[in-house]
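Notes for the structure review
Residues per chain are reported as follows:
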2 protein chains.
Amino acid sequence: MIENITFIIAMEAEAMPLIDKFGLTEEAAFSPKLPMRAWKGKWQGINLTLVTNGKNKDTGLDLIGCEAAALATFQAVKEFQPQLLINAGTAGAFEENGARVGDVYLSRDRVVFHDHRVPIPGWDHQSEGHFPVWDTGQLRTLGFKYGIVTTGSSLDMPQEDEKNIRRLGGEIKDMEAAAVAWVALLHEVPVFCIKAVTDLVDSGKPTHDEFLRNLRLATNNLCDGCERIIRFLAQSPDIRLR
Amino acid sequence: MIENITFIIAMEAEAMPLIDKFGLTEEAAFSPKLPMRAWKGKWQGINLTLVTNGKNKDTGLDLIGCEAAALATFQAVKEFQPQLLINAGTAGAFEENGARVGDVYLSRDRVVFHDHRVPIPGWDHQSEGHFPVWDTGQLRTLGFKYGIVTTGSSLDMPQEDEKNIRRLGGEIKDMEAAAVAWVALLHEVPVFCIKAVTDLVDSGKPTHDEFLRNLRLATNNLCDGCERIIRFLAQSPDIRLR
């Protein structure tokens, strides 16, 4: 039985539906020197915590991307010592793979950086990460889609990134997962991703337009998906962490 | 008078000449759960600490890049509370700007991410960082070259990155500086970069070949440059931190 789970979520707009759904309350003492924020509560018998990257104090805009995600995960693991990390958020996906806006995907196999190019033998593979993720096959009955998540620091997808995503078999394109997974792996905490699709990166439409238009739909579906997973885990004493 | 300075250095090959020069000894208790390593000592009356990203435990290769640099800087600031951070390392530069292999540059003005593209108003500028750096003009008499440092997670420079570097006025291309500067800024610790040139990114030669061939020359020059800076700071009671 899993009793202690931490969500790592980049943006407050992605996190708020979950905070409401699970009735979490903010931990004001979390990371006083950093922008990251944390919420805590208990739902269906599971201790839940949720950490966001926080906001830029000058712009009021959410911090997104890999540096913030690495620090958020580090603080979360240190503070809450979770048995399982869930990196929840929104992402892009490929229409040609059958993805639709609003679809909810679980990570499978591994997460990879698609924009860490170091063409020196050994460093090439290491820089991409190829971090193993928790066996989401155990959630198969919940009916989610499955895909390899790849991570980069940009919302767009120039040729160089697309070429790497295709080589890596990437099906979900996000901006945090591999950074979260790296820090989780350093601390030997199992991690997986749940990602709701805001935009189809091969649609020909600008990602940023689609992202903003579809953010609410995606975050609602993300929240529903997380609720179903936590409910399932609470009712599944035999679930394996390794 | 500055009494407490921390160097943030990605690779051990870059750090070792400095560790020897300053007679630093390892702090075995630094970050036991993380790969980062730290060394400590006193030289010319200044307390010096030095933190490296550490190595991947499976490959034995140095961890390079922004996620590791962010965690290393966070741990360094928390543990050593430096008055000044110096991000020292090797980097690429532009032949067309007069750079030569082995040249040592100091950062000027700001450091910027050249591969964090988020084309949404507000997020575009925020994601690039544009983090102010410490006023290296105070070191002008030491005769270093000066340049705007831009950071990305890759050793190569595809068109998209080159376009951004040119737009940003980038003269030194590295893989950690902006991540270090972001964490320094969060903690209100002044930071600057000293970067020795391993490769000319506009030479037409593959960066990785140049990088490996010129690493020793660059790290020796980097070490000499750091020594001259620390000696100068030790003899400059009027140096301004802000």
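Since this is a predicted model, take the numbers as computed values, not measurements.

All names here are of chain A. Judged by how many residues are buried, strand E5 (residues 84–93) sits mostly within the fold: 10 of 10 residues are covered. Alternating positions in E5 separate into two faces, Leu84, Ile86, Ala88, Thr90 and Gly92 on one and Leu85, Asn87, Gly89, Ala91 and Ala93 on the other, with burial throughout. One ladder, built from four bridges, connects strand E1 (residues 4–9) with E5; its direction is parallel. Within the sheet, the bridge partner assigned to Ile5 lies in E5 and is Leu84.

What follows covers the pairing of strand E3 (residues 37–43) of chain A. Residue and element names in this part refer to chain A. Pairing of strand E2 (residues 25–26) with E3, which is carried by two bridges, proceeds in the antiparallel orientation. Paired with Glu26 across the strands is Trp39, a residue of E3. Across seven bridges, E3 lies against strand E4 (residues 46–52) in antiparallel orientation. Its bridge partner lying in E4, Gly41 is registered against Leu48.

Our next topic: helix H2 (residues 66–80) of chain A. All names here are of chain A. The first and last C-alpha atoms of H2 sit 21 Å apart over 15 residues, in line with the 21 Å expected at 1.5 Å per residue. Across the 15 residues of H2, 13 count as buried, placing the element largely inside the fold. Phi turns positive, to about 40°, at Gln81, one or two residues after H2.

Formed by 158 residues in total, the largest nonpolar core has its most connected members in Leu50 of chain A together with Leu50 of chain B. For Leu50 of chain A, the residues in contact, after removing those within four places along its chain, are Phe7, Ile9, Ala15, Leu18, Ile19, Leu24, Ala38 and Trp39 of chain A.

Following the sequence through the fold, Met16 of chain B ends up in helix H1 (residues 12–22). For the pair Met16 of chain B and Asn47 of chain B, spaced 31 residues apart in sequence, the C-alpha to C-alpha distance is 18 Å.

Attention now goes to the confidence of the model for chain A. Regions with low pLDDT carry predicted coordinates that are not meant to be interpreted in detail. Scored by pLDDT, chain A has a mean of 96; 100% of the residues are at 70 or more. In the predicted complex, the global pTM is 0.98; the interface-specific ipTM is 0.97.

Turning our attention to unusual backbone geometry. Although it is not a glycine, His130 of chain A adopts a positive phi angle of roughly 55°. Looking at His130 of chain A, the number of C-beta atoms within 10 Å reads 15, which means it is partly exposed.

Once that is clear, we can look at helix H4 (residues 159–168) of chain B. Residue and element names in this part refer to chain B. Among the residues of H4, Asp161, Asn164 and Ile165 are the ones counted as buried. One side of H4 carries all its buried residues, which in axial view fall inside an arc of 100°. Every exposed residue of H4 that faces more than 90 degrees away from the buried side is listed here: Gln159, Lys163, Arg166 and Arg167. Close packing links the buried residues of H4 with strand E8 (145–151) and strand E9 (172–174). The positive-phi residue at the C-terminal boundary of H4 is Gly169, with phi of around 70°.

Between chain A and chain B, the contact holds 34 residues from the first and 35 residues from the second. Elements supplying a minimum of two residues to the side of chain A that touches chain B: H2, helix H3 (123–128) and helix H5 (177–186) of chain A. Take the side of chain A that touches chain B: its biggest share by element is five residues, from H2 of chain A. Its residues placed into classes, the side of chain A that touches chain B shows 17 nonpolar, 11 polar and six charged.

Procedures and definitions
Residues numbered from 1 in each chain as written. Chains lettered and ligands numbered in written order. Predicted model: local features only at pLDDT ≥ 70, side-chain atom pairs only at ≥ 80, totals over all residues. Buried ≥ 20, exposed ≤ 12 C-beta atoms within 10 Å, placed from the backbone. Helix = DSSP H or I, 4+ residues; strand = E, 2+ residues; numbered from the N terminus. Pairing = 2+ DSSP bridges. Expected span 1.5 Å × (residues − 1). Core = buried A, V, L, I, M, F, W, Y, C linked by C-beta atoms within 7 Å. Contact = placed C-beta atoms within 7 Å. pLDDT = per-residue confidence, 0-100. Arc of directions from axis to C-beta. Nonpolar A, V, L, I, M, F, W, Y, C, P; charged D, E, K, R; others polar.

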